[in-house]
Amino acid sequence: MKRTGDLKLMQELNRYLILDVIRKSGPISRVKIAERVGVSPTTVTSAVNDLIEEGFVEEIGSGESSFHGGRKPILLRFCPNNYFLVCVSISNSAIVLGESNLDAEISSKQVYPMNGSLGEAIVEKMLNALEDFLSRYTDLTRCIGISIVAPGIIDATQGLLLYNTKLYLHNVDVKGIVEERFGLNVWFDNDANALVLAERDLGQAQSTDNVLFVTIGDGIGAGAIVNGSVFRGSKGGAGEFGHITIDRNGIRCECGNAGCLENYVSWPSIYAKIYASIVRGIPTVISDLIQGDLNRITPEVYLTALEQHDKVATEILEETADYLATGLVTLTNMFNPSAIILGGELFQGNHYFLERVSEQVLKNALNILNDDLIIRFTSLGEDDKLLGAAAVALNDVFHFSLSA
Ligand SMILES: [Zn+2]
């Protein structure tokens, strides 16, 4: 009996390997697949028959003949559109849903504003959003599951949200609740972990085994891939980059510590600096832009002031870049990444910011760790978190990265 078990496992493994070769190297002939995977042509034929029947693979035209006048082999290619995945991104402002094919191409995106929901109400809102989104499908047999990403400390193996202070969520069995309600496979992971996977599989850091993703917004999040796997720590809480101490006598943080990086590199810290400058009567174009109404200081206003080369706005950018670089030097010395990718909307595309950060990290991290270090902005675009959700599920389903 054990023998049958082993045989089945071997067949399963071969199937994964064969599908992986077709995904990454197709269109490709059966003969070439057998060569690449190192299995017999019979094994390839049998696995490919199953894959075609299930709709993962299709035959197309014919390839180059190896001998003049010889029979031309039929080629096989991956079919990304016969199955789909529902991707969900939860943030402080909205729940966003989208459909992804098996190549992580997002379509049918729908935004459900959070409208201040907190705690249990967020779970209810997510279930209602899913109910609404799924109602467009008459048949869910081709849906491979629902992949959800959210900020906070998440046990991705169990699918539990352990802790999120901003959303007032503690110990919520997100995976269990959604699985029970919809009867589909569910994946649930931290958004920064999902983003770093998406960068590795679809973005700026393809084929790298050691990459960090740092996102700057209302706070700072970070995800790390170390030696090819997401670095999670013992409770899934690794990557709390925003709470590394940069000044032990510094600003009090909501985590209970003082001088956490997040209080120097985030929108609230920038807001506080703008506010203080205006109150102190320092001339800035921001005063004109908000017409004296301090409630109108928004990231958009700040970015406009930066575009106009406002002195106060620029000095705040420089100070923020310097603090971020200080944190990144620590991460570089700790993890020796080959790439650091910066996400979040605040400074996205601002080359002065990127240059200032890069210059200091390259100067101050241990020289030997800096040799080929790449620091870039994310290229994932506005669907980044949905792509992250897709990357989480597809990594699990295919057990391999999507990159060639
Ligand atoms: Zn803190």
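How each quantity is defined
- Residues numbered from 1 in each chain as written.
- Predicted model: local features only at pLDDT ≥ 70, side-chain atom pairs only at ≥ 80, totals over all residues.
- Heavy atoms only, no water.
- Pairing = 2+ DSSP bridges.
- Helix = DSSP H or I, 4+ residues; strand = E, 2+ residues; numbered from the N terminus.
- Axes fitted to C-alpha atoms, helices over the stretch in contact; angles between N-to-C directions.
- Domains from an automatic or database assignment.
- Contact = heavy atoms within 4.5 Å.
- Salt bridge = Lys/Arg side-chain N within 4 Å of Asp/Glu carboxyl O.
- Donors = N, O, S within 2.8 Å, 3.2 Å for Na, K, Ca; no water.
- Tetrahedral: all angles 85-135°; square planar, octahedral: opposite > 155°, others 65-115°.
- Buried < 20%, exposed > 50% of the residue type's maximum accessible area, 1.4 Å probe, protein only.

## Digging into the sheet that holds strand β7 (residues 143-150)
Ordered by their spatial adjacency, five strands build an open sheet running β6-β5-β4-β7-β11, and the pairing between neighbours is mixed. Strand pairing shows two members of the sheet lacking a second neighbour, β6 (106-113) and β11 (186-190), which therefore form its edges. On average, adjacent strands in this sheet sit at an angle of 15° to one another, irrespective of strand direction. Looking at chain direction, strand β4 (residues 84-90) and strand β5 (residues 94-100) are connected through six bridges and run antiparallel.

## Digging into the domain arrangement of the protein
The assigned domain composition of the protein is domain 1 (2-78), domain 2 (84-191) and domain 3 (204-379). A C-alpha centroid distance of 27 Å is found between domain 2 and domain 3. Contacts between domain 2 and domain 3 engage eight residues on the former and eight residues on the latter. The interface formed by domain 2 and domain 3 includes one salt bridge.

## Regarding the sheet that holds strand β14 (residues 229-230)
Where strands meet in a sheet, backbone hydrogen bonds hold them as pairs that are either parallel or antiparallel. Strands sit in the order β14-β13-β12-β15-β16 across an open sheet of five strands; the sheet is mixed. Strands at the two margins of the open sheet, each flanked by one partner only, are β14 and β16 (374-377). Inspection of the sheet shows strand β12 (residues 211-216) paired to strand β13 (residues 220-226) by six bridges, in the antiparallel sense. Across the sheet, I216 pairs through a bridge with I220, a residue of β13. The strands touched by helix α6 (residues 191-202) are β12, β13, β14 and β15 (339-343); relative to β13, the strand with the most contacts, the crossing angle is about 50°. Along the sheet, helix α11 (residues 351-364) contacts β12, β15 and β16; its crossing angle with β16, the most-contacted strand, is approximately 160°.

## So, the coordination of the zinc ion
The protein atoms that coordinate the zinc ion are H243 (ND1), C253 (SG), C255 (SG) and C260 (SG), at distances spanning 2.0 to 2.3 Å. Taken together, the four donor atoms coordinating the zinc ion span angles of 106 to 121° at the metal, a pattern that classifies the geometry as tetrahedral. For the zinc ion, the donor residues sit on a single chain with the sequence spacing H-x9-C-x1-C-x4-C. Of the two residues, H243 sits in the loop between β14 and α7 (267-279) while C253 sits in the loop between β14 and α7, which places them 10 residues apart along the sequence. Taking relative accessible area as the criterion, C253 reaches 9% and is therefore assigned buried.

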